[in-house]
Amino acid sequence: MDLKVVGVGLGRTGTYSLKVALNQLGLGPTYHMEEIILDMQRKLPQWQAVVAGNQDWVAIFEGHAAAVDWPTASYYRELHAAYPEAQFILTHRSPESWVDSFSATIYQLLSNIDEAPEPMRPWLEMVIAVIAKAGIPLGLDRQQLMDAFVAHNAAVEAAIPPDRLLTFQVKEGWQPLCDFLDVPVPDGPFPRTNDRGEFWDKVAGAA
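Residues numbered from 1 in each chain as written. Predicted model: local features only at pLDDT ≥ 70, side-chain atom pairs only at ≥ 80, totals over all residues. Heavy atoms only, no water.

Caption draft 1: Summary view of helix α8 (residues 121-133). The terminal C-alpha atoms of α8 lie 18 Å apart, and with 13 residues this matches the ideal 18 Å at 1.5 Å per residue to within 8%. Within α8, the full set of buried residues consists of W123, L124, M126, V127, V130 and I131. One side of α8 carries all its buried residues, which in axial view fall inside an arc of 155 degrees. Phi turns positive, to about 90 degrees, at G135, one or two residues after α8. (Helix = DSSP H or I, 4+ residues; strand = E, 2+ residues; numbered from the N terminus. Expected span 1.5 Å × (residues − 1). Buried < 20%, exposed > 50% of the residue type's maximum accessible area, 1.4 Å probe, protein only. Arc of directions from axis to C-beta.)

Caption draft 2: Layout of the packing of aromatic side chains. Scanning the model with the defined rule gives 12 aromatic pairs in all. For the ring pair Y31 and F61, a centre distance of 5.1 Å and an interplane angle of 80 degrees mean the geometry is edge-to-face. In this pair, Y31 is assigned in strand β2 (residues 30-31) and F61 in the loop between α4 (57-60) and β3 (66-67), connecting sequence segments 30 residues apart. Residue Y31 is classed as buried on the basis of its relative accessible area, which comes to 0%. Cluster of aromatic residues (ring-pair linked, three or more members): Y31, W47, W57, F61 and Y75. (Phe/Tyr/Trp six-rings, centres within 6.5 Å; stacked < 30°, edge-to-face > 60°.)

Caption draft 3: Summary view of the nonpolar core. Counting 50 residues, the largest nonpolar core has W47, W70, W123 and I136 as the members making the most contacts within it. Apart from the residues lying within four places of it in its own chain, the contact partners of I136 are L10, W70, W98, F102, Y107, I131, L145 and A148. Grouped together as the second largest cluster of nonpolar side chains are 18 residues, L18, I89, V170 and V183 included. (Core = buried A, V, L, I, M, F, W, Y, C linked by side-chain atoms within 4.5 Å. Contact = heavy atoms within 4.5 Å.)

Caption draft 4: Focus on the environment of F149. Looking at the element boundaries, F149 is found in helix α9 (residues 142-159). On a C-alpha basis, the gap between F149 and I136 in space is 8.2 Å, while along the polypeptide they are 13 residues apart. When near neighbours in sequence (up to four residues on either side) are disregarded, F149 contacts L10, T13, H92, R93, S94, P95 and W98.

Encoded structure:
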């Protein structure tokens, strides 16, 4: 099963809502950081290998037709080269709101790696490396984080052909996503999930 849809928006831009939406549209199963947390023994080594420069996308995404969130989002150039016919979705939000969410969740978690339980640390080290690849090393201040966020989005838009890329905010709902993917708009509201409390509940599963 080749990837057909690749989400290249950074974490905390509605990536989990997009995962649920793609699955609801019948375009999944959709790979997300959660898949690694739920199968750390098998999937963490795959991404550690990617960080080391050894990529096996077929093995990593086996059984998935779509992928969103980190680690995927940091490898948009490599994945576009591997899956040139895929459709890419850049989820985004205002830089200010993204920094507020990112700083209170992912960045806080990574910045406190020394306080994390020992079994979590290899996973956190992988995540730190993946996020640094997106231009977001540890130690950035608020303005630097906003600049990095804007730079990532601009780099994606420069790298992916316009006809293969949708720049999308989840608050826009079903219509632009379904138009881009050429699927019917489903009944019911667009999924909204993974608030900050849910984030910390998921992270607890990695401990």
